[in-house]
Amino acid sequence: QVQLVESGGGLVQVGGSLRLSCAASGRTFSSDVMGWFRQASGKEREFVSAIRWNGGGTYYADSVKGRFTISRDNAKNTVYLQMNSLKPEDTAVYYCAGRIGQAITLFPRDYNYWGQGTQVTVSS
């Protein structure tokens, strides 16, 4: 059974940084894409970033490009999202998700398994 466990969320002031982690287990992930999505209160879930387990390849939403960095540690089966220069509009529940296959897509419906989410709150 695939399991994704996020951690690292919390309360931070504007301009601060957080690093989210997503520990994955339950399958061989080498052919998968791992993504981060977020959902603010009253809004739809939106794409943040994604990376391929095998060979890297990253993609970012325009709203986070230059501020967020996605990375992976294959030995630990863990994906990270380093978030810098945080803004109030980054406040949301952040979800880790996995997609079977190599194509990076932006749509939540294309991802096969999800974590439970971690809250990020950016205070002004």
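Draft legend 1. The nonpolar core, seen in detail. Counting 33 residues, the largest nonpolar core has M34, W36, F68, V79, L81, M83 and Y94 as the members making the most contacts within it. Every element with two or more residues in this core is listed here: strand 3 (18-25), strand 4 (32-39), strand 5 (46-52), strand 7 (68-73), strand 8 (78-83), strand 9 (92-100) and strand 11 (118-123). In contact with L81, other than residues within four places in its own chain, are L18, R19, L20, W36, V48, S49, F68, T69, I70 and Y94.

Draft legend 2. Up close: a nonpolar patch on the surface. Residues Y59, L106 and F107 make up a contiguous nonpolar surface patch of about 280 Å² in total accessible area. Inspection of the secondary structure puts Y59 in strand 6 (residues 56-60).

Draft legend 3. Structural view of the sheet that holds strand 8. Strand order in this open sheet of four strands is 1-3-8-7, and the pairing throughout is antiparallel. The open sheet has two free edges, formed respectively by strand 1 (3-7) and strand 7, since each of these has just one partner strand. Between one strand axis and the next, the sheet turns by 15 degrees as a mean value, whatever way the strands run. Both strand 3 and strand 8 contribute to a ladder of six bridges, which runs antiparallel.

Draft legend 4. Local environment of the pattern of salt bridges. Per the stated rule, a full pass over the model turns up five salt bridges. The shortest N-O distance in the salt bridge between R38 and D90 comes to 2.9 Å. Of this pair, R38 sits in strand 4 while D90 sits in the loop between strand 8 and strand 9, and the two are 52 residues apart along the sequence. Between D90 and R67 there is a salt bridge; the shortest N-O distance is 2.8 Å. Here D90, found in the loop between strand 8 and strand 9, pairs with R67, found in the loop between strand 6 and strand 7; they are 23 residues apart in sequence, far enough to count as distant.

Draft legend 5. Local environment of the state of the cysteines. Counting across every chain of the model gives one disulfide. The disulfide partner of C22 is C96, and the gap between their sulfur atoms is 2.1 Å. Between C22 and C96, the S-S dihedral sits near -75 degrees, and the bridge is therefore left-handed. Remark: C96 occurs in strand 9 and C22 occurs in strand 3; sequence separation between them is 74 residues. Note on C22: relative accessible area 0%, which makes it buried.

Cut-offs applied
- Residues numbered from 1 in each chain as written.
- Predicted model: local features only at pLDDT ≥ 70, side-chain atom pairs only at ≥ 80, totals over all residues.
- Heavy atoms only, no water.
- Core = buried A, V, L, I, M, F, W, Y, C linked by side-chain atoms within 4.5 Å.
- Buried < 20%, exposed > 50% of the residue type's maximum accessible area, 1.4 Å probe, protein only.
- Helix = DSSP H or I, 4+ residues; strand = E, 2+ residues; numbered from the N terminus.
- Contact = heavy atoms within 4.5 Å.
- Patch = residues over 30% accessible without salt bridge, like charges linked within 9 Å, V, L, I, M, F, W, Y side chains within 5 Å.
- Areas by Shrake-Rupley, 256 points an atom, 1.4 Å probe, with all protein chains shown as cover.
- Salt bridge = Lys/Arg side-chain N within 4 Å of Asp/Glu carboxyl O.
- Pairing = 2+ DSSP bridges.
- Axes fitted to C-alpha atoms, helices over the stretch in contact; angles between N-to-C directions.
- Disulfide = S-S within 2.5 Å.

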